[in-house]
Amino acid sequence: MANSCDILISGGGVAGLTAAVVFGDAGVDVICVDPAPPITVRDAEGADLRTTAILQPARDLLEPCGLWDRFAPYAAPLQVMRIVDAGGARPEPRIVRDFNASEVSDQPFGWNLPNWLLRRELVARLTDLPNVDFRPGTGTTSLFTRQSEARVGLDDSSRVKARLVIAADGRDSPMRQAAGIDVHTTRYGQKALAFAVNHSVPHENVSTEIHRSGGPFTLVPLPDHNGHPSSAVVWMEHGPRATSLFQMDQPDFEAEMTERSCGLFGPLTLASRRTIWPIITQKADRMSGERIALMAESAHVVPPIGAQGLNMSLADLRALLDLALARPEGLGDMQMLDAYHDARIRDVALRAQGIDLLNRASMLDARPLRDARAAGLDALYSLKPVRRTLMQMGLGVR
Ligand SMILES: Cc1cc2nc3c(=O)[nH]c(=O)nc-3n(C[C@H](O)[C@H](O)[C@H](O)COP(=O)(O)OP(=O)(O)OC[C@H]3O[C@@H](n4cnc5c(N)ncnc54)[C@H](O)[C@@H]3O)c2cc1C
């Protein structure tokens, strides 16, 4: 096995695997390691049942490297983002506002895909790329850097020399810690349940976000499942309530989620296991260090609102790729990594701040504050230029 490469990617989650394909397709020698082999079957234990809405700019990155052609047959387009305020006395919609992609583009906002399926297609694409050495079952353990290179220790006792290390090893990133880069973490005492549902009323490519208290309840379109309309749900709640929902018997849970969805899609029935995720905002102090670039959750974690998480990660990847292609001889040097930090840090901070604000507004319990939230939504929506700007910012094209 080779013990040197241009780029060592620590982490083979969706972000790390995408980085491996994108750089592999660009002709760069890549080693990608992950101690946990990817689970690529929907109903297997441990499968990632979250979905990712891939927004327009991310698709532009995925097209040239052959990934989009693989994803497209399974993708559900998102034409409208519907925001519903149900913060009144009863769980009923009192304000419904549609943000239609046609106001800002001739394309949908994005395309929704299950994470387990993204992993399956990413791993399949890697097999076409002989310059990418993917090593599932192997993790990184140590990092030693000099100005000219990085040396990474692996848990099979081997060592790899690389010009650049990309840390895509998640929110507790061992490589970020080894590089001594600190993070700032905000906790909300909140968790998200993620699962798939079937429903009788078709979604018509509308993503619906319902606000009452505890956090948003979001239904994102999926292709039909077992011949019935289907959506991915992310249901955010205060921690103890989320845990009790997670443990609830299926019929009781289905009744609870149908009520929380205000019955907008008819009775909801579970179409997958339930998974549960802690919700935090976390930002690394820097996007890079000597011979190392942080990307995805290693650099930033945000609550799942507005489909920003992985899309921010793909914006990290775009920035790294552009810098690497502009000056191949400088791969991983200080000039490149400082430029990467400068290119990303403000956008990450702005998005993390905006999502934090939206999440706090959605969590509100007190009625007067919920009323103020509804009035705020109405005011923002009714100003067309503001509405358009919000949509463009959400997409990442502004
Ligand atoms: C409920 C929910 C819904 C979401 N919905 C959306 C959405 O609609 N759109 C969107 O853009 N984002 C969404 N997100 C965010 C998105 O899912 C994440 O940003 C993304 O999956 C995280 O990817 P990642 O690769 O950074 O991290 P992870 O998936 O955590 O991957 C990190 C990988 O690193 C590996 N690793 C750990 N230690 C080591 C080591 N020592 N060496 C090597 N590898 C190691 C792990 O095994 C893991 O495979 C959502 C998040 C949640 C919680």
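The preceding data block contains the structure.
Here the structure is a predicted model, which is why all the values come from computation and not from measurement.

What counts and what doesn't
- Residues numbered from 1 in each chain as written.
- Predicted model: local features only at pLDDT ≥ 70, side-chain atom pairs only at ≥ 80, totals over all residues.
- Heavy atoms only, no water.
- Salt bridge = Lys/Arg side-chain N within 4 Å of Asp/Glu carboxyl O.
- Helix = DSSP H or I, 4+ residues; strand = E, 2+ residues; numbered from the N terminus.
- Buried < 20%, exposed > 50% of the residue type's maximum accessible area, 1.4 Å probe, protein only.
- Axes fitted to C-alpha atoms, helices over the stretch in contact; angles between N-to-C directions.
- Parallel < 35°, antiparallel > 145°, perpendicular 65-115°, else oblique.
- Left-handed = near helix turned anticlockwise from the far one by under 90°.
- Contact = heavy atoms within 4.5 Å.
- Nonpolar A, V, L, I, M, F, W, Y, C, P; charged D, E, K, R; others polar.
- Phe/Tyr/Trp six-rings, centres within 6.5 Å; stacked < 30°, edge-to-face > 60°.
- Lys NZ or Arg CZ within 6 Å of the ring centre and 35° of its normal.
- Near = heavy atom within 4 Å.
- Polar contact = N/O pair within 3.5 Å; in protein donor to acceptor, adjacent residues only side chain to side chain.
- Areas by Shrake-Rupley, 256 points an atom, 1.4 Å probe, with all protein chains shown as cover.
- Core = buried A, V, L, I, M, F, W, Y, C linked by side-chain atoms within 4.5 Å.
- Disulfide = S-S within 2.5 Å.

Colleague: Could you clarify how one ought to interpret the pattern of salt bridges in this entry?
Modeller: Where charged atoms from two side chains of opposite charge approach closely, those side chains can pair. Taken as a whole and judged by the stated rule, the model has 25 salt bridges. Close ionic contact of Glu256 with Arg241 constitutes a salt bridge, the shortest N to O distance being 2.9 Å. Note that Glu256 is positioned in helix 7 (residues 250-260) and Arg241 in helix 6 (residues 239-247), a separation of 15 residues in sequence. Overall, Glu256 belongs to the partly exposed group, its relative accessible area being 28%. For Arg241, a relative accessible area of 30% translates into the label partly exposed. The closest approach of N and O atoms between Asp338 and Arg286, which form a salt bridge, is 3.5 Å. In this pair, Asp338 sits in helix 9 (residues 334-363) while Arg286 sits in the loop between strand 17 (275-284) and strand 18 (288-289), placing the two residues 52 residues apart along the sequence. Judged by its relative accessible area of 35%, Asp338 is partly exposed.

Colleague: Looking at this structure, how should I read the packing of helix 8 (residues 309-326) against helix 9?
Modeller: For any two helices packed against each other, one specifies the crossing angle of their axes together with the interaxial distance. Remark: helix 8 packs on helix 9, axes separated minimally by 10 Å, with the N-to-C direction vectors making an angle of 160 degrees. Here helix 8 lies roughly antiparallel to helix 9, going by the angle between them. Note that helix 8 runs across helix 9; the crossing there is right-handed. Between helix 8 and helix 9, the contacting residues are Met312, Ala315, Asp316, Ala319, Leu320, Leu323 and Ala324 on the first element and Met336, Ala339, Tyr340, Arg344, Val348 and Arg351 on the second. Of the residues assigned to the contact of helix 8 with helix 9, the class counts are 10 nonpolar, no polar and three charged.

Colleague: How should I be thinking about the packing of aromatic side chains in this particular structure?
Modeller: To describe a pair of aromatic rings, you give the distance between the ring centres and the angle between the ring planes. Applying the stated rule across the entire model yields five aromatic pairs. Ring centres 5.3 Å apart and planes at 75 degrees place the aromatic pair Phe195 and Phe253 in the edge-to-face group. Placement of the pair is Phe195 in strand 12 (residues 183-198) and Phe253 in helix 7, with a sequence separation of 58 residues. As far as burial versus exposure is concerned, Phe195 and Phe253 are alike and both buried. Ring centres of Trp235 and Phe253 lie 5.8 Å apart, and the angle between their planes is 35 degrees; this geometry places the pair in the tilted category. Within this pair, whereas Trp235 is found in strand 15 (residues 228-238), its partner Phe253 is found in helix 7, the two being separated by 18 residues in sequence. As far as burial versus exposure is concerned, Trp235 and Phe253 are alike and both buried. Every member of this aromatic cluster is reached through a ring pair, and the members are Phe195, Phe217, Trp235 and Phe253. The positively charged end of Arg120 is found above the aromatic ring belonging to Tyr74, 5.2 Å away from the centroid.

Colleague: I tried to follow the site of the ligand on my own but got confused; where do I start?
Modeller: Around the ligand there are 31 residues in total, and Asp34, Thr140, Ala296, Glu297 and Leu310 lie nearest to it. Within the side chain of Ser10, one N or O atom sits 3.5 Å away from a nitrogen atom of the ligand. For the ligand, an oxygen atom lies 3.3 Å from a polar atom in the backbone of Thr51. The fraction of the free accessible surface of the ligand (1,000 Å²) that becomes covered by protein chains is 86%. Every element with two or more residues in the shell around the ligand is listed here: helix 1 (14-25), strand 2 (30-34), strand 3 (51-55), helix 4 (115-126) and helix 8. Tallied by class, the residues present in the shell around the ligand amount to 14 nonpolar, 12 polar and five charged.

Colleague: Is there a simple way to explain the environment of Leu122 in this structure?
Modeller: Structurally, Leu122 is set in helix 4. It is 9.9 Å that separates the C-alpha atoms of Leu122 and Pro38, two residues lying 84 residues apart in sequence. Not counting residues within four places of it along the chain, the set of residues in contact with Leu122 comprises Val14, Leu17, Thr18, Val21, Leu67 and Phe71.

Colleague: Help me understand the nonpolar core in this model?
Modeller: Buried together is how nonpolar side chains tend to be arranged in soluble globular proteins. Of all hydrophobic cores here, the largest spans 81 residues; its most connected members are Ile7, Ile9, Phe23, Phe71 and Met295. In this structure Ile7 touches Phe23, Val28, Asp29, Val30, Ile31, Leu164, Ile166 and Leu331, once residues within four positions along its chain are discounted. Core analysis: the next-biggest nonpolar cluster, separate from the first, contains 18 residues, Val84, Leu219, Val233 and Phe253 among them.

Colleague: Just checking my understanding: could you explain the state of the cysteines for this structure?
Modeller: As used in these notes, a disulfide is a covalent bond between sulfur atoms, one from each of two cysteines. Inspection of the entire model under this criterion finds zero disulfides. Among the cysteines around Cys32, which has no disulfide bond, Cys5 carries the closest sulfur, lying 10 Å off.

Colleague: Can you help me understand the packing of helix 1 against helix 8 in this one?
Modeller: Viewed as axis vectors pointing N to C, helix 1 and helix 8 meet at an angle of 25 degrees, and their least axial separation amounts to 10 Å. With respect to each other, helix 1 and helix 8 are oriented roughly parallel. The interaxial crossing formed by helix 1 with helix 8 has right-handed handedness. Contacts from Val14, Ala15, Thr18, Ala19, Val22 and Phe23 of helix 1 reach helix 8 at Leu310, Ser313, Leu314, Leu317, Leu320, Leu321 and Ala324. Across the contact of helix 1 with helix 8, the residue classes tally to 11 nonpolar, two polar and no charged.

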